[in-house]
Amino acid sequence: MITWALLAVLVVTALLYSRWRHSYWSSRGVPTAPGSIPFFGHMFSFLSRSKYRWLVVDEMYHNHRGSLFCGMYMLLRPDLLLGDPDLLKGVLIKDFDHFTDRRSFKSTNPKDKVVNEMLTATTGEHWKGIRSVLSTSFTSGRMKGMFPLIEAKAQGLIDYLYRQLKKDPVVRMKHTFGMYTMEVISSCAFGLETNSFAGDDSIFAKKAIELFAIKPLRHVQLLLLFTFPKLGRLLNIQLAHENMEFFTDVVIETMKQRKAGAKRGDFLDIMLETREDQDQSTDKKKPKYPLSDDTIIASSVLFIIAGYDTTANTLGIASFLLAKHTKEQELLREELRNLIAEHGSLTYQAIMEAKYLDGCVSETLRIYPPVPINTRSCTMDYNLPGTDLLIHKGQTIFIPVWSLHHDQKYWPEPEKFDPTRFFPENKDRIVSGTYLPFGLGPRNCIGKESLKPLCGALCEILSTISH
Ligand code: HEM
């Protein structure tokens, strides 16, 4: 009897505690997103596989008309969903010094040494230093220099497609663009030929596909790691996927060869040269942040991870949308024909000038953003402008990218594929802060300028292979 009474007291106390923790937002006059349950908060709906996470967030966003913000709970922890473009610009650009980090987890597991050193996971001054040095790898001059390599890989893709089409008229475009992206990035990042188109699927593409196929249990593990970092560290849970070791070993081996003198002009060479330059430079204006071997290894692997799935998805979905929208496909083919007539072939310059191509790719990223929800971690207490709300250091801001891209308040007929939305003459109709496929501000995607040159393959397909 006493045991039951004790148990009842315990349960009631726990429930009251959960209710108290879950009253954080209401006590500050902030509406709470629907669907919170005791102890778990909104975590359950995030973990549920019956609905994509960005649709769960979309429901929260629309419940408050996305006007300003609403509170949510990951287990007992209060986070904020910020859907207002002006407030978002404050967080991402103007007041960036309060939000320099993304929600991340610093692992103490020795196997996570490389993941911890990746730009995506680094924080504060360390991030700033690495970012300023790595940015020099992604200038338009560098992209132009790498374009012949992209062209060669695009040609490899065309030859592969012709061979495939003879065997089977159905081609899996995401998979095919995945091979192409892996070829380009591994070659541009550290001069490695992965021979994806030669025969059977390359080991590189296989390892990368496995890296992104997150199993349900792993999904739960990762979400818990980010929500309970202290517990994750205590249990010594490994953050990195086991395949990461494969990519790390390849980079370490290539670095050894470079130190022995073999140069190729790729990202790895650029990073090694930058380090050498910095060692010798006395110029105070040049970014000075010596890259360690670990940072160089982590960055090379990261370029593959961050660029592979995002780019392959975008190219695959763009071809799907163009197949569905034959009028738009014809307009793009016509643009490419005219550019070839003017430039002799699909040069870097021609692709940069392709206005309709830009519209098609931008519209693909609007409808299907590869990163549909983004985050920022508050690094310094912040008063949300125009409100009484104080965001505390350590709290996470969720950015509903997919919802903003599909909100008819900003995008008339949001489900319609309309590349003209992004024509230069229409661009001023786009409300700033509502189009975020690459993020925004100092911590946006470092590789965003590489997408258009990478579209070379899509252009080659459209200009070489008929309907
Ligand atoms: C369709 C192509 C791509 C899309 C849509 C995309 C999208 C994104 C987004 C949304 C972020 C987060 C930005 C933020 O938090 O504000 C990001 C970060 C990043 N992306 Fe991309 N990305 C693409 C291609 C690439 C490529 C090709 C590379 C490298 C070769 C790359 C490297 C990175 C890196 C290193 C970061 C972390 C930046 C930092 O934390 O400072 N991305 N990307």
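Just so it is clear, the structure is predicted and the values come from calculations on it, not from any experiment.

**Q** Provide a residue-level description of the domain arrangement of the chain, including the pertinent values.
**A** Here the chain is partitioned into domain 1 (1–108 + 374–405) and domain 2 (117–371 + 448–467). One C-alpha centre belongs to domain 1, the other to domain 2, and the line joining them spans 32 Å. Contact between domain 1 and domain 2 buries roughly 2,200 Å² in total, counting both sides, with carbon and sulfur atoms accounting for 61%. Linking domain 1 to domain 2 there are zero salt bridges. Here domain 1 is connected to domain 2 by four residue pairs in polar contact (both at pLDDT 80 or more). Of all elements in the fold, only α2 (43–47) and α18 (401–405) reach the threshold of two or more residues within the side of domain 1 that touches domain 2.

**Q** Break down the state of the cysteines for me, with residues and values.
**A** A full pass over the atoms with the stated rule returns zero disulfides. Cys70 takes part in no disulfide bond, and the closest cysteine sulfur to it belongs to Cys378, at a distance of 17 Å. For Cys70, a relative accessible area of 2% corresponds to the buried category.

**Q** Provide a residue-level description of helix α3 (residues 53–63), including the pertinent values.
**A** Listed in full, the buried residues belonging to α3 are Val56, Val57, Asp58, Met60 and Tyr61. Of the surrounding elements, those touching the buried residues of α3 are α2, β1 (69–74), β2 (77–82) and α18.

**Q** Go over the packing of aromatic side chains with me, naming the residues and quoting the values.
**A** Tallying each qualifying case throughout the model produces 18 aromatic pairs. Each ring, one from Phe46 and one from Phe398, has its centre 6.0 Å from the other, and the planes form 75°; the classification is edge-to-face. You can see Phe46 sitting in helix α2 and its partner Phe398 sitting in strand β6 (residues 396–399), a full 352 residues away along the chain. Here Phe147 and Tyr348 contribute two aromatic rings whose centre-to-centre distance is 5.7 Å and whose plane-to-plane angle is 70°, an arrangement assigned as edge-to-face. A residue pair is termed long-range when its members are at least 10 positions apart, and Phe147 in helix α7 (residues 140–167) and Tyr348 in helix α16 (residues 348–353) qualify at 201 residues. Neither residue differs from the other here; Phe147 and Tyr348 are each classed as buried. Members of the aromatic cluster, joined through ring pairs, are Phe138, Phe267 and Phe303. The ring of Tyr24 is capped by Arg28, whose NZ or CZ atom sits 3.6 Å from the centre of that ring. Sitting over the face of the ring of Phe423, Lys355 holds its NZ or CZ atom 4.5 Å from the ring centroid.

Scoring rules and cut-offs
Residues numbered from 1 in each chain as written. Predicted model: local features only at pLDDT ≥ 70, side-chain atom pairs only at ≥ 80, totals over all residues. Heavy atoms only, no water. Domains from an automatic or database assignment. Buried area = accessible area lost by both parts, 1.4 Å probe. Salt bridge = Lys/Arg side-chain N within 4 Å of Asp/Glu carboxyl O. Polar contact = N/O pair within 3.5 Å; in protein donor to acceptor, adjacent residues only side chain to side chain. Helix = DSSP H or I, 4+ residues; strand = E, 2+ residues; numbered from the N terminus. Disulfide = S-S within 2.5 Å. Buried < 20%, exposed > 50% of the residue type's maximum accessible area, 1.4 Å probe, protein only. Contact = heavy atoms within 4.5 Å. Phe/Tyr/Trp six-rings, centres within 6.5 Å; stacked < 30°, edge-to-face > 60°. Lys NZ or Arg CZ within 6 Å of the ring centre and 35° of its normal.

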